[in-house]
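Structural description and commentary
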Amino acid sequence: MHCAQDPFYIVKEEIQDSINKLQTSFHQWEQAPSNSQEFANLTKELVASSESIEWQVDELDKAISVAARDPTRYAIDEVELEKRKRWTSTARNQVSTVRKAVKSGTGLGSHNGMRQELMRLPNDHAHQAGRSNQYISEDNDDFISSENDRQLLLIRQQDEELDELSASVERIGGVGLTIHEELMGQEKILDDLGLEMETTSNRLDFVQKKVAMVMKKAGVKGQLMLILFLIVLFIILFVLVFFT
């Protein structure tokens, strides 16, 4: 998994920077007199730095072991796993060699023998003079392979994100279509209700006009008779409703 979410390459770069600083300090320690304060300070610093880096490498190695249990889940193939294991093994050997040399050396005269052992460190300049072409070629191949895998994974993730975005747009479009159909139905209901209200209003106006005409033709006596009839009708309906 060569992507921004994969912490391996970030941690690897940080550890490699720490190893480079460790080897720089070690070269200073080699040149310092064994009875000087600088030598004592560098010794403490190298031991503490070595132990800290070894702990980081061990934690990174544990993460690689977890990924190795299910490589498909983390989108890592066997070649990539082997590269990561080889790098952690090399880093651990580098730091362990420095730590052992520092703990066993007490000065210029006593740690000269350790220098030959440290010449095998991949980052040592004298060692690189003899085997630099091999490491550079291998590192370039690893870098190109890692970058290709990273680009392929990024393209795959972008395709998945575009598919999810397309599905979301389709869902939103479906919701919008449903809302449109619902609004059209509500509009039709409102049109029908308006038409019924208009028809009822016209009928009510017609009835009012008829009643006005009847009242006008009946005169005062007729109006009194109509009112009396309505009162009697109201009483009858009241009795029927509440006493039956």
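Owing to the predicted nature of the structure, the values given are computational and were not obtained by experimental measurement.

Rules of the game
- Residues numbered from 1 in each chain as written.
- Predicted model: local features only at pLDDT ≥ 70, side-chain atom pairs only at ≥ 80, totals over all residues.
- Heavy atoms only, no water.
- Helix = DSSP H or I, 4+ residues; strand = E, 2+ residues; numbered from the N terminus.
- Buried < 20%, exposed > 50% of the residue type's maximum accessible area, 1.4 Å probe, protein only.
- Contact = heavy atoms within 4.5 Å.
- Expected span 1.5 Å × (residues − 1).
- Polar contact = N/O pair within 3.5 Å; in protein donor to acceptor, adjacent residues only side chain to side chain.
- UniProt positions renumbered as here; feature names shortened; annotations may be inferred.
- Salt bridge = Lys/Arg side-chain N within 4 Å of Asp/Glu carboxyl O.
- pLDDT = per-residue confidence, 0-100.
- Axes fitted to C-alpha atoms, helices over the stretch in contact; angles between N-to-C directions.
- Parallel < 35°, antiparallel > 145°, perpendicular 65-115°, else oblique.
- Left-handed = near helix turned anticlockwise from the far one by under 90°.
- Nonpolar A, V, L, I, M, F, W, Y, C, P; charged D, E, K, R; others polar.
- Core = buried A, V, L, I, M, F, W, Y, C linked by side-chain atoms within 4.5 Å.

1. Brief notes about the overall build of the protein
What the protein contains, in helices and strands, is 5 helices and 0 strands. When the helices and strands of the protein are read in sequence order from the N terminus, they spell out α-α-α-α-α. Evaluated residue by residue, the protein yields a buried proportion of 23% over its 244 residues. Taking contacts inside the protein between residues at least 6 apart in sequence as the whole, the part at least 24 apart equals 70%.

2. Here's the deal with helix 1 (residues 7–31)
Here helix 1 is 25 residues long and its end C-alpha atoms lie 37 Å apart, about the 36 Å a rise of 1.5 Å per residue gives. Among the residues of helix 1, those classed as buried are Phe8, Tyr9, Ile15, Ile19, Leu22, Gln23, Ser25, Phe26, Trp29 and Glu30.

3. Here's the deal with the environment of Glu80
Here Glu80 shows up in helix 3 (residues 78–104). Engagement of the side chain of Glu80 in a polar contact is seen with the side chain of Tyr9, the distance being 2.6 Å.

4. Points about the UniProt feature "transmembrane region" (unreviewed entry) in the protein
Residues annotated by UniProt as "transmembrane region" (unreviewed entry) correspond here to residues 224–243. Across residues 224–243, helical content stands at 95% and strand content at 0%; the span's end C-alpha atoms are separated by 28 Å.

5. Things to note about the pattern of salt bridges
Throughout the structure, instances matching the rule amount to 6 salt bridges. In this structure, Lys103 engages Glu51 in a salt bridge whose closest nitrogen and oxygen atoms are separated by 3.9 Å. Linking Lys103 in helix 3 with Glu51 in helix 2 (residues 37–69), this pair joins segments that are 52 residues apart in sequence. Where Arg84 meets Glu80, a salt bridge forms, and the shortest distance between an N and an O atom there is 2.9 Å.

6. With respect to the confidence of the model for the protein
Per-residue confidence for the protein gives a mean pLDDT of 77, with 77% of residues at or over 70. Confidence drops under a pLDDT of 50 for residues 106–133, and excluding neighbours within four residues, the segment shows 48 contacts in the predicted structure.

7. Regarding the packing of helix 1 against helix 2
Across the interface, helix 1 lies against helix 2 with an axial gap of 10 Å and an inter-helix angle of 160°. Between helix 1 and helix 2, the crossing angle belongs to the class labelled roughly antiparallel. The handedness of the crossing between helix 1 and helix 2 comes out as left-handed. Packed against helix 1, whose contacting residues are Phe8, Val11, Ile15, Ser18, Ile19, Leu22, Ser25, Phe26, Gln28 and Trp29, the element helix 2 presents Phe39, Leu42, Thr43, Glu45, Leu46, Ser49, Ser50, Ile53, Gln56, Val57, Leu60 and Ile64 at the interface. By residue class, the composition of the contact of helix 1 with helix 2 is 14 nonpolar, 7 polar and 1 charged.

8. Brief notes about the side chain of Thr88
As for its placement among the helices and strands, Thr88 is situated in helix 3. Apart from residues no more than four positions distant in its own chain, Thr88 is found in contact with Val57, Leu60, Asp61 and Ile64.

9. With respect to the environment of Leu42
Inspection of the secondary structure assignment puts Leu42 in helix 2. In this structure, the C-alpha to C-alpha distance between Leu42 and Ala32, residues 10 residues apart in sequence, is 8.8 Å. Among all residues touching Leu42, those that are not within four sequence positions of it are Ser25, Gln28 and Trp29.

10. Quick notes on the nonpolar core
Grouped together as the largest cluster of nonpolar side chains are 25 residues, with contacts concentrated most on Ile15, Phe26, Trp29, Ile53 and Val102. Those elements that provide at least two residues to this core are helix 1, helix 2 and helix 3. Sort the elements by how many residues they give to this core and helix 2 lands first, with 9 residues. Leave out the neighbours within four places in its chain, and Ile53 touches Ile15, Ser18, Ile19, Leu22 and Val95.

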